[in-house]
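What follows is each chain in one-letter form.
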Amino acid sequence: MRIVALAGGIGGARFLRGLREAIGPEDEITVIGNTGDDIHLFGLKVCPDLDTVMYTLGGGIHEEQGWGRTEETWSIKAEMKEYGVGPEWFGLGDRDFATHLVRSQMLAAGYTLSQVTEALCVRWQPGVRLLPMSDDRVETHVRITDEQGTRAIHFQEYWVKLHAAVDAEAIVPVGAETAKPAPGVLEALAEADVILFPPSNPVVSIGTVLAVPGIRDAVAAASAPVVGLSPIIGGAPVRGMADKVLAAVGVEATAEAVALNYGSRKASRSGTGGIGAGLLDGWLVDTVDEAAVAAVEAGGIACRAVPLLMTDVAATADMARAALALAEQVRG
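Scoring rules and cut-offs
Here the residue index of a chain counts from 1 through its sequence in written order. Under the rules for a predicted model, residues below a pLDDT of 70 receive no local features and side-chain atom pairs below 80 are neither given nor counted, while totals for whole chains, interfaces and linings still include all residues. Water and hydrogen atoms play no part in the side-chain values, which are based on all heavy atoms of the structure. A side-chain nitrogen of Lys or Arg and a carboxyl oxygen of Asp or Glu constitute a salt bridge if their distance falls within 4 Å. Secondary structure is summarised from DSSP: a helix means a run of H or I of at least four residues, a strand means a run of E of at least two, and numbering begins at the N terminus for each. Summary of the burial criterion: residues with accessible area below 20% of their type's maximum are buried, those above 50% are exposed, and those between are partly exposed, where the area comes from a 1.4 Å probe applied to protein chains only. Two N or O atoms count as a polar contact when they lie within 3.5 Å, although within protein this holds only if one can serve as hydrogen donor and the other as acceptor, and sequence-adjacent residues are included solely when both atoms are side-chain atoms. Note on aromatic contacts: the rings of Phe and Tyr and the six-membered ring of Trp form a pair at centre separations within 6.5 Å, being stacked when their planes are under 30 degrees apart, edge-to-face when over 60 apart, and tilted otherwise. Only when the NZ atom of a Lys or the CZ atom of an Arg is both within 6 Å of the ring centre and within 35 degrees of the ring normal do we say a charge sits over the ring. For this analysis, a nonpolar core means a set of buried residues of the types Ala, Val, Leu, Ile, Met, Phe, Trp, Tyr and Cys, connected via side-chain atoms within 4.5 Å. When checking whether two residues touch, look at their non-hydrogen atoms; a contact exists if any pair is within 4.5 Å. If DSSP finds at least two bridges between two strands, the strands pair. By convention a crossover is right-handed if, when the strands point away from the viewer, the path from the first strand over the helix to the second runs clockwise. Here an axis means a line fitted to C-alpha atoms, over the contact stretch when the element is a helix, while the angle between two N-to-C directions is reported on a 0 to 180 degree scale. In these notes the angle categories are as follows: under 35 degrees is roughly parallel, over 145 is roughly antiparallel, 65 to 115 is roughly perpendicular, and the rest is oblique. A clockwise turn of the near helix away from the far one marks a right-handed crossing, whereas an anticlockwise turn of less than a right angle marks a left-handed crossing. Classification convention: Asp, Glu, Lys, Arg as charged; Ala, Val, Leu, Ile, Met, Phe, Trp, Tyr, Cys, Pro as nonpolar; all other residues, Gly among them, as polar.

J.: Any chance you could explain the pattern of salt bridges here in plain terms?
T.: Close approach of charged atoms allows side chains with opposite charge to pair. Tallied over the full model, the rule gives 13 salt bridges. With a closest N to O distance of 2.8 Å, glutamate 63 and arginine 17 form a salt bridge. With glutamate 63 in the loop between α2 (48-58) and α3 (75-82) and arginine 17 in helix α1 (residues 10-22), this residue pair connects regions lying 46 residues apart in the sequence. The shortest N-O distance in the salt bridge between arginine 151 and aspartate 146 comes to 2.7 Å. Judged by its relative accessible area of 16%, aspartate 146 is buried.

Next comes the structure, spelled out in structure tokens:
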């Protein structure tokens, strides 16, 4: 079985770890990773979501944080502070710094981000094929209004520095409109047996991947069933501040609303889909949101209620099995 997953950072990486446990040794997973969170710091190219997937599946992640390296030290950060060089709000640990140095050196030597990611994965052996969504530069920006007026800031500044305390007025994946899917992305989607949307942020993670021209159409046209898992449980994001960016695109922070925003492939093909329609065949909600099942199914998307809290790898593997089972039910 060839499985393709569109993934962001922490939520996507943890789901993928469970998915890897849920499949057989002959099955293959290709991950199309979000690069809209990428940022240039201290002259280095930092790819937070790609690295979180790589570290998590490779056994090097800081488990409590969900990001960064285990047994990290912070000498470089302390030295940069002594020199008065920022930003201080985005911390790069010493071990993590090495990854960004290697990536930046390879990019400067002419390698593409896809080639660099493949090379980095040789060390980590994540057990999946990890592809960036694009080799082109795409950065997610957020429009806000604060005491400095209306302005656009990098998503990392909005998320990490401001903690999404200011309302997001718009989410803009800068550069996405001219970006091309990375080599292998469209082919993986066309050849997939199952396509999964993990419980990643639907706007700035999966949504940014889909913003690269060609990827959304490839998902909509794929012969494989497409099944997603809700990142919203009981009207609130499981982790992070997804409700803030959902509001910016006019979507309620509910499991039902997120599903209907992705839209039904069945409804789209019958000509009854609306704006944003055409991506999902199936959707999993948490058991606390079982009341949403009927409304999601009324929108043309098969829906089941199962436990969706990733409390450990075993629980996450059960989620993955439920997603694969639903994919089989809706196939064809």
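From this point on, the discussion continues.
J.: Looking at this structure, how should I read the side chain of serine 104?
T.: Relative to the assigned elements, serine 104 resides in helix α4 (residues 94-108). Using a relative accessible area of 15% as the deciding quantity, one classes serine 104 as buried. Among the polar contacts listed, one links the side chain of serine 104 to the backbone oxygen of histidine 100, at a separation of 2.8 Å.

J.: What am I meant to see in the packing of aromatic side chains here?
T.: Geometrically, a pair of aromatic rings is defined through the distance of the ring centres and the angle of the planes. One pass over the structure, following the stated rule, counts 6 aromatic pairs. An aromatic cluster is defined as three or more aromatic residues linked by ring pairs; in this entry it consists of Phe197, Tyr262 and Trp283. When the ring centre of tyrosine 55 is taken as origin, the NZ or CZ atom of arginine 69, which lies over that ring, is 5.6 Å away. Between the NZ or CZ atom of lysine 77 and the centre of the ring of tryptophan 74, over which it lies, the distance is 5.6 Å.

J.: Please explain the nonpolar core as it appears in this structure.
T.: Across soluble globular proteins, you tend to see nonpolar side chains buried next to one another. Of all hydrophobic cores here, the largest spans 56 residues; its most connected members are Leu6, Tyr158, Leu189, Ile195, Phe197, Tyr262 and Trp283. Ranked by residues supplied to this core, first place goes to helix α11 (residues 255-262) with 5 residues. Setting aside residues up to four positions removed in sequence, phenylalanine 197 forms contacts with Leu6, Ile206, Val219, Val226, Val227, Gly228, Leu229, Tyr262, Leu279 and Leu280. Counting residues in each nonpolar core, the second largest holds 43 residues, with Ala22, Leu308, Leu324 and Leu326 among its members.

J.: Just to check I follow, could you spell out unusual backbone geometry for this structure?
T.: With an omega dihedral of 10°, the bond running from glycine 86 to proline 87 counts as a cis peptide bond. Tracing the backbone through its elements, the reader meets proline 87 in the loop between α3 and α4. Phi at glutamine 125 is positive, roughly 45°, even though this residue is not glycine. For glutamine 125, the position within the fold is in the loop between α5 (113-124) and β5 (129-132). For glutamine 125, a relative accessible area of 55% translates into the label exposed. In this structure, alanine 164 is a non-glycine residue whose phi angle is positive, near 55°. With respect to the helices, strands and loops of the structure, alanine 164 is situated in the loop between α6 (155-161) and β8 (170-174). For alanine 164, a relative accessible area of 0% puts it in the buried group.

J.: Honestly, the pairing of strand β1 (residues 2-7) in this entry has me stumped. Any pointers?
T.: As a general feature of sheets, a regular strand has side chains that alternate between the two faces. The element β1 is largely enclosed, with a buried count of 5 among its 6 residues. As paired strands, β1 and strand β2 (residues 28-33) are joined by 6 bridges and run parallel to one another. Among the inter-strand pairings, isoleucine 3 is bridged to a residue of β2, identified as isoleucine 29. Crossover β1 to β2 through α1 is right-handed.

J.: I keep staring at the packing of α4 against α5 and nothing clicks. Help me out?
T.: Between two packed helices, the angle of one axis relative to the other and the distance separating the axes together describe the packing. One way to put it is that α4 packs onto α5 with a least axis distance of 10 Å and a crossing angle of 140°. Taken as axis vectors, α4 and α5 run oblique relative to one another. Seen along the crossing, α4 lies across α5 with a hand that is right-handed. Each of Thr99, Val102, Arg103, Met106 and Leu107 in α4 lies in contact with α5, whose residues at this interface are Leu113, Val116, Ala119 and Leu120.

J.: Is there a simple way to think about the packing of α1 against helix α14 (residues 313-330) in this case?
T.: Relative orientation of the contacting elements α1 and α14 amounts to 75°, with a least axis distance of 7 Å. Between α1 and α14, the crossing angle belongs to the class labelled roughly perpendicular. Where α1 approaches α14, its residues Arg14, Phe15, Arg17, Gly18, Leu19, Glu21 and Ala22 are matched on the opposing element by Val313, Thr316, Ala317, Met319, Ala320, Arg321 and Leu324. Class assignment of the residues belonging to the contact of α1 with α14 gives a composition of 8 nonpolar, 2 polar and 4 charged.

J.: So what exactly am I meant to see when it comes to the sheet that holds strand β13 (residues 282-285) here?
T.: Sheet strands pair by backbone hydrogen bonding; their relative direction is either parallel or antiparallel. Read across the sheet, 7 strands follow the order β5-β2-β1-β9-β10-β13-β14 without closing on themselves; strand pairing throughout is parallel. Looking at the sheet topology across the chains shown, the edges are occupied by β5 and β14 (302-305). Pairwise comparison of adjacent strand axes, ignoring direction, gives a mean angle of 20° for this sheet. In the packing of α11 onto the sheet, the strands contacted are β9 (194-197) and β13, and the crossing angle to β13 comes to about 165°.

J.: What exactly am I supposed to notice about the environment of methionine 241 here?
T.: In this fold, methionine 241 is placed in the loop between β12 (236-237) and α10 (242-248). Considered as a pair, methionine 241 and arginine 151 are 90 residues apart in the sequence and their alpha carbons are 20 Å apart. Once residues within four sequence positions are removed from consideration, methionine 241 is found in contact with Trp159, His163 and Ala164.

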